[in-house]
Each structure stands twice: as C-alpha cells, then as structure tokens.
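Understanding the architecture of this molecule
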Amino acid sequence: MKTLESYINGKWTTGSGEGLVMHDAVTGDPIGLSTTQGLDIPEVLQYGRTKGGEVLRKMTFQERGNMLKSLALYLTKRKEQFYELSYRTGATRIDSWIDIEGGFGNLFANASLRKLFPNQSYHVEGDPIDLSRGGRFMAHHILVPKRGVAVHINAFNFPIWGMLEKCAVNWMAGMPAVVLPAPQTAYLTEAVVRVIVDSGMLPEGALQLLSGMTKNILDTVLSQDVVTFTGSAHTGKVLKAHPRLIEESVPFTMEADSLNAAVLGEDAVPGTPEFELFIKEVRKEMTVKSGQKCTAIRRIIVPSQCVEDVQIALGKQLDKISIGDPRLKEVRMGALASKQQVESFRNNVSEIAKTAQIVYGDLDKIEAIGANAQKGAFVSPILLREDTPFKNTSVHEIEAFGPVSTIMPYDTLEEAITLVQMGKGSLVSSIFTYNDQIAKEYVVGAASHHGRILIGNRENAKQSTGHGSPLPMLTHGGPGRAGGGEEMGGMRGIKHYMQRCAIQGTPTTLTEVTGIYQANSKYKESDKHPFAYHWEDIQPGMSIKTHKRTITDTDIINFGNLTWDHFYAHTDITSLAGSIFEKRTAHGYFMLAAAAGLFVYPNKGPVAANYGLEECRFLRPIYHNDTIYVRLTCKQKVDRDHRGKELPSGIIKWFVEVFDQEDELAAIATILTMVQKKSPFVQINRANIEGYLAKLNEDTKATWGVMTAQHMIEHVEKTIRIGAGEIQDFEIATPEKYIEKAQEMVYNHKPMPKGHNHPLMKEGTLEELAHENLAAAKIKLLEAMDEFEIYFKENPEAITKNAVFGNMNKFEWDLLNVKHLNHHFEQFGLLD
C-alpha cells in the first residue's frame, strides 16, 4: 500500500513504520498510509526558519502579495484534478467547491491586502506620537516578520481550505509554514502541496508538509514561532497546555469546534421571508459537508410558539436531501470523513438524545444512492428537539460533528441570548429578523460570546454569504469553547505573524526607519522639482520650497463667486465681531488651491494625474494681503498594480505645508499623485539604433529561438512597416473579446515571452529572406523607421492594425516597437 510522502527540507520524503490507513469515505476502500515516523521534526522546523524565512522576510508586501496572486491563478487553472480526490473524502461537488476554490480564494483575498501595506518588508502601524513639545523626540510603531515558522495543525474537514486560509496569512506576513494535516484526508492536502511545489512560485522552505500524525511537533518550537490549531476543543486544550508553549511563550491560536446557534426573531413568523430564509439556512448548515463544519448550526433557538412550525418545515426541507455517492448529480449529501467519525457522531448524538427527542432521522437506518451504506461512512441527518434547554444542558455541552442540530424554545429575547451564551463561546451565531431593534438587542447581548454574528433578512438574502462562511477579511474565531483564536481578519490576521515594536527617536531618524516622512524631519532639498522625477527616484523627505503669493481681497471675492461659498468670514466683514476672525478671511479651500498653484509643476512629466486628498487641516486664518508659500515634501510611496491601457505607475503621498509671511504654519494637507514608473526597456530609436546594429554581424548567434541575425532584422522591419500602414493585408488573430486584455501588454513593463510564435510567421520554420544580405537588411530597417515617422507626422491621427494587439495609434506603436526591439536585441546580445 502506498505511503504518503512529506515535503520537508526541500525534498519529498517517506516516513517509516506501518502508519495509519486512510480510507475512501464512500466505498471504505483503503487509499494509502500516512506516517511521519523517523522524520527529524526539529530539523524540519529549523529548515523553515532559515531557508524559507530568510527569503520571505526580505520580500516586500507587494512581492508577497503578487506571489500569492500568481499561485492562486496557477492553482485555479488546475482545480479539476483535486475534485476527484475530494469525492473520496465524502464531499459533494458543492462541498468540494467550498474547500478547493474557497482555499484558492483565500490566496486571492490576502494577495489584495498588499495594497494596504507599504512597499517594504515591514509595516508601519498607526499615527506618529509626539513625545516632546518641540517635536524633536517622537515614537512610531513598526511590525516586522517573526523569525520563526508557523506550525499549522489542521482538522480533517477542509484539507485544502484549512491549509491555505492559514498559509496565505503567514506568507503575506513574511513567515514560512509547516503544515500538519489530519491523517483522514491528508492525501488531498498532499496533492495540492505537490502542485504548489512544482509551480516553483514559493521560495524554497516557505511551505513544508508533514503527512501523518506527529506527536512531538511542539517539543522544539521557539519563541519566534507561531502555532495554530483547528480541531476538537479537547485536543486543543491539551496542545495549549504543552510545556514548551508556556516555556517559550509561543503564540497559540486555537479554532475549536463550537455549538453555534441560529436564532429566529420573534417577528419572523411563518409566512415571512425571514422564516423561509431561516429554515433554508439551517437545512444548508446541517447538510453541507455532511455537517462537518466548525461553523455549522448546532442549536436552533426559536420562539416557543414557532417550535412546531420550525420542526415541520425543517423536516420537509430535510426530506429533499438525497444521500449517497457524492459524484452523482442527484446526491445532495455525501459521507462523513471516516468510519471512526461515524462512531463518534452516533455516540455524541445518543448522549444528547438522553434528554432531547430525535424528531427527524435515524441513527441506525440509512439508504445511500449509488453506494453501499454499510461500507461507506454514511449517516442520516438528525434533528432533535429539547423542550427544556435551561434544565437539560447536554445540548449546550456536547457537539456531534456531523449533520445534526437541536431545536429549543425561548419566550423572550433575553432568554434567547442566555441560551446562546450557555454554549460558552462560539465561532458564529445568526439571527433572522426584519426588526432592527431586535437585531441590535441580540447583537449587543450575544457579541461577548461570539467571533462573528450574521443578521439575516429579506434585504441581504441574495448577497449574504450565509451563517457558515468564514471570510478572509473578517476575524474567524471565537471566545471560550471556540478557542479564543482570531484567524484571518484582513490586516489583523497578518499582524499575528509579526512582532510589533515601538520606535523612539528624532523625526529625521524615524523617517529613515519607517520610510514615511515624519513632521519636523529635516528636509532633503531636491535638485529639481519632485514632479520631474519618476516614481522610483522619489524618496520620502524629498522636498522643495515654493515662491510666494500674496492673497488679495479680489482673490477671496472671486473664489466665493466661483464656488458660491459666501460664508460671512469671506464676504461680510461687518459680522466678524465675536468670531475667531479679525479680517476678511481666505477660504480654506482657496488656500489649498493657491498652494497647488504654487507647487504644481506645469510641464508634462512623470506625474500622470492628481489621485486625491487624504487629510487636510486649516490651522490659522489667512487674511487678505497675507503672503503664503508652500513646502512640498514626499511623505510616502505606495506601489500600485498595472491595469488597463495606462503606463505603470505608483502613488506618491505629498505632505503640503502652507506658511504665512511670519513663517507660521497655516495649513497642512496630504495629497496624492499618480507617478509613472521608469521603463525597464532600453530606449532604442532612430537616433541610436545604428550603434546597436553595428554590433550585429552574420555570425552573431541567438541565445534562444531559430532566427538568424538577418531573419531577426527583416522581422523587425516588417513589424515597423505594418505599423506605418504599408502592410495591412491580414486579419487580427486575437479574438475580439481578448483584444483589450492583449493591448494592456503594450503598456505594461513585462518583457515579451521568449519563443512565442507570431501569427504572421510560419510556425516551426524560417521565413524566406527578402534582402541580399545582412547589411542590406539593416539599411532597409533604418529606411522603415524613417518612413514610420514620416507617415505618422503626415497622419498624426492614423490607426493601423497589429495581428496580435489589434488597432493601435502612434503612441502605442512606439511603446510596442521599443519593447519589440529590446526583445530581439536581447536575443542577439546587442543591449548594453
């Protein structure tokens, strides 16, 4: 029988010993063995800390985020291969979608968080803190990646999502991971890890997998490590008390099973949309993943007068659930993960049923479509009813992990809140009501015992992600029995894998440390106007002082007339008595507009657009005949993804200080500009191309592809003549729906792919040469470039077509020609 391999220390390795047998949940057939016996676990952890950690910690948030995005796209294209394996865990197509594509979605969601972090390897948190009256001693907080490894001990129910929802967060933080999946479904986790490793997208050591039970994984964790656990509350408590965690003060996040509750509002009587939504949501949470969800609804809390209605309605909904082979389209619920899970489920339901009544389903009778119910791990959905939930507390203490839930009554909303709290802490609760006062009272009363609360009603029904769906941007965890953990949660989750440190010093020093200009720092006087620099060349602290402008009465009156802002301080000087103003006062927004007039660079340059205003404060009035000047300073740089038909750019935050004639600060603002990035391509044009062509001779060999030197020159010449409209007798090869996406490639800074077959060239063979020799071909290329410029000078609005990129103007052809020449000149080693 095949033994699953572990991916550790940069290679796939098989453990020794007999191992644990993994079974197909549907057929009961053995799948293979899982074991980590004989593996050096301390070495695995140390390898992650050093090999993977060193690379990840040096990467910027933007690099980490783009890495996750690329990995998510790579996995999504290969998703179908995981579904067949997922069926063997007992999961239907819908169940598997949650696990597989939900896991990949976590990568996408966390990748997008890169936009909220600075373009560096560590984060700057919060606002600066002035520790002195003179502003020369201050503090700020930074967060740096921990120098350990994230150890993820996962449950069996989500073998893909459970791994990726954690790893996405620690990778974004700059921390490597060691994953220990539950043995029942480890074969599915291993399959995904193989694809991830083969992609080569992660730094070596960023992900390691231990395929099997490992009892000593916590024995050598260090203070810089982080441990997360998903599973039963009992096992979690045992792990949490591990002496090593206490000795090293290792952060431990626990997401345990919990007795989540759904509450039916008193207004949500039968016949209302909220009642119908409630019934469908409970049915869904009982049967999706065969109820094997840590967020599933275990307690159904309803008004006393609605108990019978809820029981009948749920019974009718559960009648629609067909059980069997999850591969079959007609099957709505598959099997539990294993026979052992079936036994545990039955035992726990039996305990609850000592006081509660089973009103739907049978523990001993099950019919499965397309499968042998006795060989597979099949169970029936079980609905119980507990009429005295304040007296009989088993329903608040025992979780049967499977398709089971218990109805219980309440007489007042206060009672409902008390019942919910008797679960001693849950991951999620929900209330279905169209009464916002009921919703408010419930949320305020129940929030202390929950990590998340869903309020469901007719208005959000179509958009709601539902009771049981944890979302990457929200905290996933809960107090008490739920473990006290707070996974995911957007930026909050990433910070869990980072160390917060308070930094004290001068503003100038902290500007260098944080990469963000701090007020009162020394300015870095710019040699030329900062707007004349590309994004890469602008640095925090780079600054200019503008010339001065005197504000006149006419300026103020004209601005008021233009904007219709006729506030008395600007227009009625007879009304100033008792106000804070002494004279006719300039509008605050006129100060900003006038400041912009002083600091804006008029010439066309790398600054592409005004991107907005982040903060603005008017500190003192500017009166008529006052004189102002501006200090413009780069505050912060924020990277930005390339999108659409625009040149790649980043965002610069500029700190604007407006001073009066007494050098007193009158206003401050932070404005944003979109600034173009430098092109990575060598500018090859008519003025310098002859120097590059001089390096090329008949014997020059290509570093890739089959072209000779002359073939390359003639190919480039043909492309330029196409651009000049001389050759247009061809069809555009790219389908219309992809043209816009293709044209983005003209604008971006990505090099052309090597070995790409152009649609106008013969595939696998060389074109016939058109010119006598290489020297003649060079002359013809230069002639083509001259004719190209003449054509567009005479026809500046001309549009000509390209076989790949569709219709293009002169500006786009210039971009393409530079990129194209760089591609082929690099191919023949001509670039400096």
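The structure under discussion appears in the preceding block.
Residues numbered from 1 in each chain as written. Predicted model: local features only at pLDDT ≥ 70, side-chain atom pairs only at ≥ 80, totals over all residues. Heavy atoms only, no water.

Within the protein, the regular secondary structure consists of 23 helices and 30 strands. Taken along its principal axes, the extent of the C-alpha atoms in the protein is 90 × 90 × 55 Å. Counting over 832 residues, the protein shows a buried share of 54%. Once local pairs closer than 6 in sequence are excluded, the contacts in the protein between residues at least 24 apart make up 75%. If you sum the accessible surface of the protein, you get close to 36900 Å²; carbon and sulfur atoms cover 52% of it. The average position of the 89 basic charges and that of the 100 acidic charges among the side chains of the protein differ by 2 Å. (Helix = DSSP H or I, 4+ residues; strand = E, 2+ residues; numbered from the N terminus. Buried < 20%, exposed > 50% of the residue type's maximum accessible area, 1.4 Å probe, protein only. Contact = heavy atoms within 4.5 Å. Areas by Shrake-Rupley, 256 points an atom, 1.4 Å probe, with all protein chains shown as cover. Lys, Arg positive; Asp, Glu negative; His and termini not counted. Charge placed at Lys NZ, Arg CZ, Asp CG, Glu CD.)

Here we come to the nonpolar core. If you look at the biggest cluster of nonpolar residues, it comprises 50 residues, and the most contacted ones within it are L75, F82, L107, W171 and I494. The residues contacting W171, other than those within four sequence positions of it, are L56, R64, M67, L68, L71, L107, A177, L202, A206 and L207. With 39 residues, the next largest nonpolar core counts A25, I301, L363 and I366 among its residues. (Core = buried A, V, L, I, M, F, W, Y, C linked by side-chain atoms within 4.5 Å.)

Right, let's talk about the sheet that holds strand β5 (residues 123-130) for a bit. By definition, the strands of a sheet pair up through backbone hydrogen bonds, in either a parallel or an antiparallel sense. Here we have three strands laid out as an open sheet, ordered β5-β6-β21, and antiparallel in their pairing. Strands at the two margins of the open sheet, each flanked by one partner only, are β5 and β21 (498-505). Within the sheet, the average angular offset between the axes of one strand and its neighbour, ignoring direction, is 20°. Where β5 lies against strand β6 (residues 138-145), five bridges are found, and the strand directions are antiparallel. The residue bridging H123 from the neighbouring strand is L143, located in β6. (Pairing = 2+ DSSP bridges. Axes fitted to C-alpha atoms, helices over the stretch in contact; angles between N-to-C directions.)

Let us look at the packing of aromatic side chains. One pass over the structure, following the stated rule, counts 18 aromatic pairs. Relative to F590, the ring of F559 lies with its centre 5.3 Å away and its plane at 50°, an arrangement referred to as tilted. Here F590 lies in helix α18 (residues 588-599) and F559 lies in helix α16 (residues 553-563), a separation of 31 residues in the sequence. Taken individually, F559 and F590 each receive the classification buried, so the pair is uniform in this respect. Consider the rings of F567 and Y568, whose centres lie 4.7 Å apart with planes at 55°: the pair is tilted. With a relative accessible area of 40%, F567 lands in the partly exposed category. The cationic tip of R194 hangs over the ring face of W12; the distance from NZ or CZ to the ring centre is 3.9 Å. (Phe/Tyr/Trp six-rings, centres within 6.5 Å; stacked < 30°, edge-to-face > 60°. Lys NZ or Arg CZ within 6 Å of the ring centre and 35° of its normal.)

β6 sits mainly inside the fold: six of its eight residues count as buried. Pairing between β6 and β21: eight bridges, direction antiparallel. Along β21, the bridge assignment pairs P145 with M498.

This part takes up a nonpolar patch on the surface. On the surface, a cluster of nonpolar side chains totalling about 240 Å² of accessible area is made up of I129, L131 and F137. With respect to the helices, strands and loops of the structure, F137 is situated in the loop between β5 and β6. Among the residues examined, F137 registers a relative accessible area of 38% and is labelled partly exposed. (Patch = residues over 30% accessible without salt bridge, like charges linked within 9 Å, V, L, I, M, F, W, Y side chains within 5 Å. Salt bridge = Lys/Arg side-chain N within 4 Å of Asp/Glu carboxyl O.)

Let's shift gears to the packing of helix α12 (residues 413-421) against helix α13 (residues 436-446). It is at 10 Å that the axes of α12 and α13 come closest, and there the two elements cross at 35°. Crossing of α12 against α13: the hand is right-handed. Between α12, through L413, I417, V420 and Q421, and α13, the contact on the second element is made entirely by I438, E441, Y442, G445 and A446. Of the residues contributing to the contact of α12 with α13, the split by class is six nonpolar, two polar and one charged. (Left-handed = near helix turned anticlockwise from the far one by under 90°. Nonpolar A, V, L, I, M, F, W, Y, C, P; charged D, E, K, R; others polar.)

This paragraph deals with the pattern of salt bridges. Scanning the entire structure with this criterion turns up 44 salt bridges. Notably, a salt bridge pairs E614 with K653, separated by 3.0 Å at the nearest N-O pair. Taken together, the positions of E614 in strand β25 (residues 607-618) and K653 in strand β27 (residues 649-659) put the pair 39 residues apart, joining distant regions of the chain. With its nearest N and O atoms 3.8 Å apart, the salt bridge here joins E744 to K741. With E744 and K741 both in helix α21 (residues 736-747), this residue pair falls three residues apart, about one helical turn. On the basis of relative accessibility, which here comes to 18%, the residue E744 falls in the buried class. Using a relative accessible area of 57% as the deciding quantity, one classes K741 as exposed. When salt bridges that share partners are traced, they join E717, R721, E726 and E787 into one network.

Here we come to helix α5 (residues 161-173). With 13 residues, α5 extends 19 Å from end C-alpha to end C-alpha; this agrees with the ideal 18 Å at 1.5 Å per step. In terms of residue burial, α5 counts as a mostly covered element, since 13 of its 13 residues are buried. (Expected span 1.5 Å × (residues − 1).)

Mapping T673 onto the fold places it in strand β28 (residues 665-676). Polar side-chain contacts of T673 include one of 2.7 Å to the side chain of W654. Apart from residues no more than four positions distant in its own chain, T673 is found in contact with F531, V607, A609, Y611, G650, I651, I652 and W654. (Polar contact = N/O pair within 3.5 Å; in protein donor to acceptor, adjacent residues only side chain to side chain.)

To continue, consider the pairing of strand β23 (residues 542-545). Note: strand β22 (residues 524-525) against β23, two bridges, orientation parallel. Each bridged residue has a counterpart across the sheet, and for E525 the counterpart in β23 is S543. Pairing geometry for β23 and strand β26 (residues 627-638), over three bridges, is antiparallel. Residue pairing across strands places I544 opposite L632, the latter belonging to β26.

Judged by side-chain charge, K69, K115, R643 and K750 come together as a positively charged surface patch. Mapped onto the elements of the fold, K115 is located in the loop between α4 (93-112) and β5.

Moving on, we come to the environment of E664. In this structure, E664 sits in the loop between β27 and β28. For E664, a relative accessible area of 39% puts it in the partly exposed group. Taking the C-alpha atoms as reference, E664 lies 9.6 Å from I628; in sequence the two are 36 residues apart. Those residues in contact with E664, other than ones at most four positions away along the chain, are R620, V658 and F659.

This paragraph deals with the side chain of K801. Within the secondary structure layout, K801 lies in strand β29 (residues 800-802). From its side chain, K801 meets the backbone oxygen of F730 in a polar contact 2.4 Å long.

Moving on: the sheet that holds strand β18 (residues 450-456). Reading across from one edge, β14-β15-β16-β13-β12-β17-β18 is the order of the seven strands in this open sheet, with mixed pairing throughout. Edge positions in the open sheet fall to β14 (357-360) and β18, since each of these has one partner strand only. Put simply, the sheet's adjacent strands are angled 25° from each other on average, direction ignored. Relative to β18, strand β17 (residues 426-432) is paired through six bridges, and the arrangement is parallel. What sits directly across from V428, in β18, is R452.

At a minimum axis separation of 8 Å, helix α2 (residues 61-76) and α5 run at an interaxial angle of 150°. When the axis of α2 is compared with that of α5, the two are roughly antiparallel. Each of F61, R64, G65, M67, L68, L71 and L75 in α2 lies in contact with α5, whose residues at this interface are L164, A168, W171, M172 and A173. Across the contact of α2 with α5, the residue classes break down as 10 nonpolar, one polar and one charged. (Parallel < 35°, antiparallel > 145°, perpendicular 65-115°, else oblique.)

Within the secondary structure, K240 sits in helix α7 (residues 233-240). Sequence separation of K240 and P251 is 11 residues, and the distance between their C-alpha atoms is 9.7 Å. K240 has contacts with L245, F252 and G483, leaving out every residue within four places of it along the chain.

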